[in-house]
Every structure is written in C-alpha cells, then in structure tokens.
Amino acid sequence: MASSIRSVALAPYPRYTEDEMRSRAKALHQALNTRRTVRDFSDQPVAREVIASCIRTAGTAPSGANQQPWHFAVVSDPAIKRQIREAAEAEERAFYEQRAPDEWLEALSHLGTDADKPFLETAPYLIVVFALVSRTDEKGHRTKHYYPYESTGLATGLLISALHNVGLASLTHTPNPMKFLNQVLERPANERPFLILVTGYPAEGVKVPDIERRSLEEICTFY
Ligand code: IYR
C-alpha cells in the first residue's frame, strides 16, 4: 500500500457472537422486509431535521474515488411541487399514450400506474436525487466523476432504508425524461436527475399490490 496516503484508525467494528450476528441479520431483514413502495401519501408534515438526518445517512454510501457524486434537492414548497407535478404529468402522458412500447406497459400493468401523479403534491417532501457526472471547483477546474450513477444508486438505497427506519414511506418515481428537474430546481447541467423520492407518511388505509419477494435461492448463488 502506498505509504504516503493519510490514514486514520478504523472506528471499532464490534465482534458479535455468531448467535448475535444471526439475530441482528434477521432483525434487519424483518425490519426492511416490511418496506413497501406506496403511491398514496398523507399530507401530514414531517420534521425537516428528520429528513436531513436520513440524507446524512445517504451521504455515508461508498462512491467511486470517494467523489460522493450526489445532490439531494429537498422540495416542500407547494409551488415547486406543483411545477414538478405539472411537468412530470406532461411527460408521463406522452409516455403512457405514445412512447411506451406495449411490452413496457404490460410489465407495469400489475402496478396500476398511470399518468396522474397527485402524490407529487400531496406528500410533504419530494427528494429529487441528482447524480453529479463532474464537479467544478471555485477556480473553474473541472473533475470528472467515476461511477456517478452506481454511487448515487447506493446512496439512494441507504436513504430509502433510513426513511423506512423512521416510519416514513417512499416512492421511487422516474418521470421520463427528467431534464425538466434541472430547469425547475435551477440545478447545473453536470447534475443529472436520477430519480424523485416521494416521501411522507403513507395515506391511511393505503393498499399496495399483492406481490412477493423473490426467494433467496432465486436471487443468490453461493459458490
Ligand atoms: N415513469 C412511469 C412509468 C413507470 C415505470 C416503471 I419501470 C415503474 O416501476 C413504474 C412506473 C410512472 O411513474 O408512471
């Protein structure tokens, strides 16, 4: 290893007994397995500090060359939510009515989605996640980022888990195309819209599609 790199001691990783490991692993699986994507949100407000804390968790994700190539634009302003809804619904109408191939619509049919996106105004927060393909410093020097989408995906996974951990529901929404998010939120061109994480409490009595997780045998091979 290059000796010139600055390093610090790893904060201690606890050594659990094997029993503790089993039960901790199971407990986290049980907790995250109750997460479901919801499409119907309560308009009940959520403390901004809670959202901020969950985003700090997202920011702990590993990233290519530790460039942390993400930005989270947190929208609670009703006027901005409305603009996002209007632009997203326009794109979605074009998607559902013209652009989407039949095969794609068929794959979506069990979810019951359509071009109406009321949750973009109902939910207290729209966390618009951007992946940064590069960054320009104060001197105008541009640095390319590596694996920006993979890194931002990892951060988003942590964010979804962090939100679930505090009892908040989320919906990963990807209007297609999403370029309008740069205009509405005045984000520069190096920041590429990745997805909108619609966030809040689930609406009372909300129903979700009756779907199942694939089994361990199907998603995993031990060699
Ligand atoms: N963006 C559209 C369509 C859509 C696409 C996928 I892949 C989904 O998992 C769900 C929806 C929409 O939001 O309706």
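Residues numbered from 1 in each chain as written. Predicted model: local features only at pLDDT ≥ 70, side-chain atom pairs only at ≥ 80, totals over all residues. Heavy atoms only, no water.

1. Here's the deal with the site of the ligand
Argument step 1. Around the ligand, the structure places Glu92, Phe95, Tyr96, Trp104, Leu108, Leu111, Thr113, Asp114, Lys117, His173 and Thr174.
Argument step 2. Between the ligand and glutamate 92, the relevant distance is 2.9 Å, taken from a nitrogen atom to a side-chain nitrogen or oxygen of the residue.
Argument step 3. Threonine 174 places a main-chain nitrogen or oxygen 3.2 Å from a nitrogen atom of the ligand.
Argument step 4. Relative to its free-state accessible area of 370 Å², the ligand is covered by the protein chains to the extent of 72%.
Argument step 5. When grouped by side-chain class, the residues that make up the shell around the ligand number five nonpolar, three polar and three charged. (Near = heavy atom within 4 Å. Polar contact = N/O pair within 3.5 Å; in protein donor to acceptor, adjacent residues only side chain to side chain. Areas by Shrake-Rupley, 256 points an atom, 1.4 Å probe, with all protein chains shown as cover. Nonpolar A, V, L, I, M, F, W, Y, C, P; charged D, E, K, R; others polar.)

2. Here we look at the nonpolar core
Argument step 1. Counting residues in hydrophobic clusters, the biggest one holds 21 residues, and the most contacted among them are Phe41, Ile84, Val128, Leu181, Leu185, Ile196 and Val198.
Argument step 2. Going through the elements one at a time, strand E1 (70-75), helix H3 (78-99), helix H5 (119-122), strand E2 (125-132), strand E5 (169-173), helix H7 (180-185) and strand E6 (191-200) are the ones with two or more residues in this core.
Argument step 3. The leading source of residues in this core is H7, at four residues.
Argument step 4. Apart from the residues within four sequence positions on either side, leucine 181 is in contact with Ile84, Val128, Phe130, Glu186, Pro193 and Ile196.
Argument step 5. In this structure, Ile51, Cys54, Phe72 and Ala155 belong to the second largest nonpolar core, which totals 19 residues. (Core = buried A, V, L, I, M, F, W, Y, C linked by side-chain atoms within 4.5 Å. Buried < 20%, exposed > 50% of the residue type's maximum accessible area, 1.4 Å probe, protein only. Helix = DSSP H or I, 4+ residues; strand = E, 2+ residues; numbered from the N terminus. Contact = heavy atoms within 4.5 Å.)

3. Remarks on the pattern of salt bridges
Argument step 1. Taken as a whole, this structure holds 10 salt bridges when the rule is applied.
Argument step 2. In this structure, glutamate 121 and arginine 82 form a salt bridge, with 3.6 Å as the shortest nitrogen-oxygen distance. In this pair, glutamate 121 is assigned in helix H5 and arginine 82 in helix H3, connecting sequence segments 39 residues apart.
Argument step 3. Judged by its relative accessible area of 24%, glutamate 121 is partly exposed.
Argument step 4. Residues joined in a network through salt bridges with shared partners are Arg82, Arg85, Glu86, Glu89 and Glu121. (Salt bridge = Lys/Arg side-chain N within 4 Å of Asp/Glu carboxyl O.)

4. Considerations on the sheet that holds E2
Argument step 1. If you trace the four strands from one edge of the open sheet to the other, you get E1-E2-E6-E5, paired in antiparallel fashion. At either margin of the open sheet sits one strand with a lone partner, and together these are E1 and E5. Strand-to-strand twist in this sheet, taken as the mean axis angle between neighbours without regard to direction, amounts to 25°.
Argument step 2. For E1 and E2, the ladder comprises six bridges, and the chain directions are antiparallel. (Pairing = 2+ DSSP bridges. Axes fitted to C-alpha atoms, helices over the stretch in contact; angles between N-to-C directions.)

5. What about the environment of isoleucine 127?
Argument step 1. By the secondary structure assignment, isoleucine 127 is in strand E2.
Argument step 2. It is 5.6 Å that separates the C-alpha atoms of isoleucine 127 and alanine 73, two residues lying 54 residues apart in sequence.
Argument step 3. With residues near it in sequence (within four places) discarded, isoleucine 127 still touches Ile51, Ile55, Phe72, Ala73, Val74, Leu159, Leu163, Leu195, Ile196, Leu197 and Thr199.

Without other data, these values stay purely geometric and don't point to any function.
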